[in-house]
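# Residue-level structural notes
Below are the chains, spelled out letter by letter.
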Number of protein chains: 2
Amino acid sequence: MITGIELGGTKTVVAIGTEDGSIIDECRFPTTLPDETLGFVIDWLGGRGHPTHVGIAAFGPIGIVPGREGYGKMLATPKPGWAGFSLTDKIAAAFPNARIALDTDVNAAALAESKIGAAAGMDDVAYITIGTGIGGGILSGGLLVHGALHPEFGHLKVPRMPGDDYRGICPFHRDCLEGLASGPAIKARWKKAAHELPANHPAWDMQAWYLAHGILSLLAIVSPSRVIVGGGVSQVDGLHARINARLEEIAGGYFPAAMEPGYVVAPALGQEAGIRGAFLLTSL
Amino acid sequence: MITGIELGGTKTVVAIGTEDGSIIDECRFPTTLPDETLGFVIDWLGGRGHPTHVGIAAFGPIGIVPGREGYGKMLATPKPGWAGFSLTDKIAAAFPNARIALDTDVNAAALAESKIGAAAGMDDVAYITIGTGIGGGILSGGLLVHGALHPEFGHLKVPRMPGDDYRGICPFHRDCLEGLASGPAIKARWKKAAHELPANHPAWDMQAWYLAHGILSLLAIVSPSRVIVGGGVSQVDGLHARINARLEEIAGGYFPAAMEPGYVVAPALGQEAGIRGAFLLTSL
C-alpha cells in the first residue's frame, strides 16, 4: 500500500495512492500538535491496510538528507511544539516494515509538477508557492535539490522596486522576498488581503517585480527550464503574464530559457501537487 | 592517457594528469581563434601519446548537457570567432577513441575544490570567481548543476548598498552582480584597478556587500555547505573575512551553514582548480 502524508503548517493531508502519483483515497484535517497530528495519520492509514511505502512532504525547516544529523526532524520552526520532533521515528515506530521517503512539501510539489503536471518531462524545474510565506522546491538534472539544508527561496534578497520603501515584515530579514511579497506582507503593505485587491491594483505590478527578480536568481543559479508559481497569492488574473513580461525585461536577452513563451506558469496540479509528490517520492 | 583542457577567455591550459586530479605535465598559452587554439592543444597532446580521456573545462556560454541540442558548442559568446564552434567535434575528430567529458571552467573548479581542495569531502559546494567577469560553479548533492543552460551566477541582481548609485557596466543588465562588482566594474567605478586599491579602501566593504548578497541567494536556492571565492579580484587581504561578516549579518540567523566560521573561503587550488577539475571530470 503506497501512502503519502503532506504535512503543512496549517493543514495535513494523509492519503493512499499509486506510484505514478494518483490519489485513491485521502483525508484533510488541521495540523495541531505533532503527536496528535501524526497519531491521526497513523490511525487513518493503519485502519486501511499495511503501508509498504510512506512518502512524507513536510513544511520546514526539516532535516531531509538521510545519514545526516537531524534527518527526519523538524528543525527551528516557530510552530509551537514541533521543533525537534522526529517525523520519521514516529512513522517507523508505527509501520516498522514501511519504506519511508521524506522531502519538503515544495520539493514534493516540484517533483509532481515535473512528472505529471505543468512541467511534465522536464528535468530542471522550480516550483514557487506564495501564501503565508514564500517557498521554493527545485528539481535539477532530475534530482531534488537539498544542499546543507534545503532551498529557502523566500529568504533571498532582491532589488527594491524603484520608489518602494516599505519596511518589509520578515522577522529574520525584514525585506527579503517573503518579507516584501508574501500574503501577510501584501496585507500589511496595502491594508487589504491579496484576494481583496483587484487585478488592476498596483500591488500586482509590484508583486511581479519582486517575483521576477527572485526568478532571475533561480536562472543565474540553477537555470530551470520552467518555473511554476502557485499558492493562494498567485491566483489573481494575469499575474503569471506580468511576471513573464517583467522577467523578460530584466533578463536582458541573456537567459534563453526565460525567453520561451510561458516560462513562468501556474501549477497544473493545484492543491494536489504536494500529496501527489509524496507518492512520487516513494519511487525515487 | 588522461588529459585535460582548460579553455579560458584569455588563456588556455592543456595538460596530462591523473584521474585523482594531479598534474603530470602542462602547457599554458593565450587563447586565440578556435581552430588555432584547439589545433595547438591537439598537436601538444598528440605529440605526447594517445589520449584515452579528455576532460574539457571551458568558458561559456556553452552547451554542456549530452544529448541536448548545442552540446559541445560555444553559444552566443561575444568572443570573436567562437560562437557556434564545436569543441567536442574538434577533439573527437582528432582523438576518435577518447572519452570526452565537458563542463564549464567554473563547474570544473567547483568539482576540484570539492574533491581535493578547500571543500574536500563536501557534496554541496559553490565556487565563485571574480575577475574580468563573475562566474559560479555549483556542486549539489555531489553532482554539478547544469539546468537548461548552466549557472550564470554573475548575472543575478542584488539590492544596492545604501548610498550606492553607480550605474553598473554589464551590457545586458547594467547593475547585475557582474555589472557592479567585477574587475572592470571596480576599475570603472573607482578609476583604479582592483589591485591598486589598498585593503582599507571603501571599495572592499562595497565588494563584500555585493558578494554577500549573491551568496545569500545561493544559500536560499542551493544551500551550499561551503562557498569558495577566488579569482584575481578576490586576493586583497581580508576580503573573505569581510564577506563572512556581512553574510552573517544579512542572513539574520536563518541559515545554519552560513553561521559556521570560515563559510566563505579562498580556493585551495589557486590557478590550478580548472585544469585539475578537467581531469576529475573524466571520471564522473
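Whatever comes next refers back to the structure up there.
Remember, it's a predicted structure, so these values are computed and weren't measured experimentally.

### A look at the interface of chain A and chain B
Listed by partner, the interface residues are 38 residues for chain A and 38 residues for chain B. Interface area lost by chain A to chain B is led by K157(A), I221(A) and Y254(A), which between them contribute 23%. Where chain A touches chain B, the interface holds two salt bridges. Here D124(A) ties to R68(B) by a salt bridge, and the two come within 3.1 Å at their closest N and O atoms. At the surface where chain A touches chain B, the tally comes to 16 residue pairs in polar contact (both at pLDDT 80 or more). Counting residues per element, the ones that place at least two in the side of chain A that touches chain B are β7 (134–140), α6 (202–221), α7 (239–251) and α8 (256–259) of chain A. If you tally residues by element for the side of chain A that touches chain B, the top one is α6(A), at six residues. Of the residues assigned to the side of chain A that touches chain B, the class counts are 23 nonpolar, eleven polar and four charged.

### Thoughts on the side chain of E152(A)
Summarising the element assignment, E152(A) is placed in the loop between β8 (143–144) and α4 (177–181). Buried within the structure, E152(A) lacks any salt-bridge partner; R68(A) is the closest side chain of opposite charge, at an N-O distance of 13 Å. Once you skip the residues sitting within four places of it in the chain, E152(A) turns out to touch P61(A), A220(B), Y254(B) and F255(B).

### Section: the packing of helix α1 (residues 34–46) of chain A against helix α2 (residues 87–94) of chain A
Residues and elements named next belong to chain A. It is the contact of α1 with α2, at a shortest axis distance of 11 Å, that shows an interaxial angle of 35°. Note on packing geometry: the crossing formed by α1 with α2 is right-handed. Here D35, L38 and I42 of α1 lie close against α2, whose contacting residues are L87, K90, I91 and A94. Of the residues in the contact of α1 with α2, the class split is five nonpolar, no polar and two charged.

### Remarks on the relation of the copies chain A and chain B
Relative to chain B, chain A is turned by 180° and slid 0.0 Å along the rotation axis, the superposed coordinates differing by an RMSD of 0.0 Å. What the superposition gives is, in effect, a two-fold axis relating one chain to the other. Using C-alpha coordinates, one finds that chain A approaches the rotation axis most closely at P159(A), a distance of 2.0 Å. Comparing interface residues between copies, 100% of those in chain A also lie at the interface in chain B; the contact surface is shared.

### A look at the nonpolar core
As a rule of thumb, soluble globular proteins bury nonpolar side chains together. Among the nonpolar cores identified, the biggest contains 93 residues, and I215(A), L247(A), I215(B) and L247(B) are the most heavily contacted of them. Residues within four places of I215(B) in sequence aside, it is in contact with I128(B), F153(B), V227(B), V229(B), I243(B), L247(B), Y263(B) and V264(B).

### Regarding the packing of aromatic side chains
Taken as a whole, this structure holds ten aromatic pairs over all chains when the rule is applied. Taking 4.7 Å as the distance between ring centres and 65° as the angle between the ring planes, the aromatic pair formed by Y254(A) and F172(B) counts as edge-to-face. Of this pair, Y254(A) sits in the loop between α7 and α8 while F172(B) sits in the loop between β8 (143–144) and α4 (177–181), each in a different chain. A relative accessible area of 17% places Y254(A) in the buried class. Accessibility expressed as a relative area gives 40% for F172(B), which makes it partly exposed. When the ring of Y254(B) is compared with that of F255(B), the centres are 5.4 Å apart and the planes differ by 75°; the resulting orientation is edge-to-face. Exposure class is identical for Y254(B) and F255(B). Each is buried. An aromatic cluster of at least three residues, connected via ring pairs, comprises F59(A), W82(A) and F85(A).

Scoring rules and cut-offs
- Residues numbered from 1 in each chain as written.
- Chains lettered and ligands numbered in written order.
- Predicted model: local features only at pLDDT ≥ 70, side-chain atom pairs only at ≥ 80, totals over all residues.
- Heavy atoms only, no water.
- Contact = heavy atoms within 4.5 Å.
- Buried area = accessible area lost by both parts, 1.4 Å probe.
- Salt bridge = Lys/Arg side-chain N within 4 Å of Asp/Glu carboxyl O.
- Polar contact = N/O pair within 3.5 Å; in protein donor to acceptor, adjacent residues only side chain to side chain.
- Helix = DSSP H or I, 4+ residues; strand = E, 2+ residues; numbered from the N terminus.
- Nonpolar A, V, L, I, M, F, W, Y, C, P; charged D, E, K, R; others polar.
- Buried < 20%, exposed > 50% of the residue type's maximum accessible area, 1.4 Å probe, protein only.
- Lys, Arg positive; Asp, Glu negative; His and termini not counted.
- Axes fitted to C-alpha atoms, helices over the stretch in contact; angles between N-to-C directions.
- Left-handed = near helix turned anticlockwise from the far one by under 90°.
- Least-squares fit on C-alpha atoms with pLDDT ≥ 70 in both.
- Core = buried A, V, L, I, M, F, W, Y, C linked by side-chain atoms within 4.5 Å.
- Phe/Tyr/Trp six-rings, centres within 6.5 Å; stacked < 30°, edge-to-face > 60°.

Everything listed here is a matter of geometry and, on its own, says nothing about what the molecule does.
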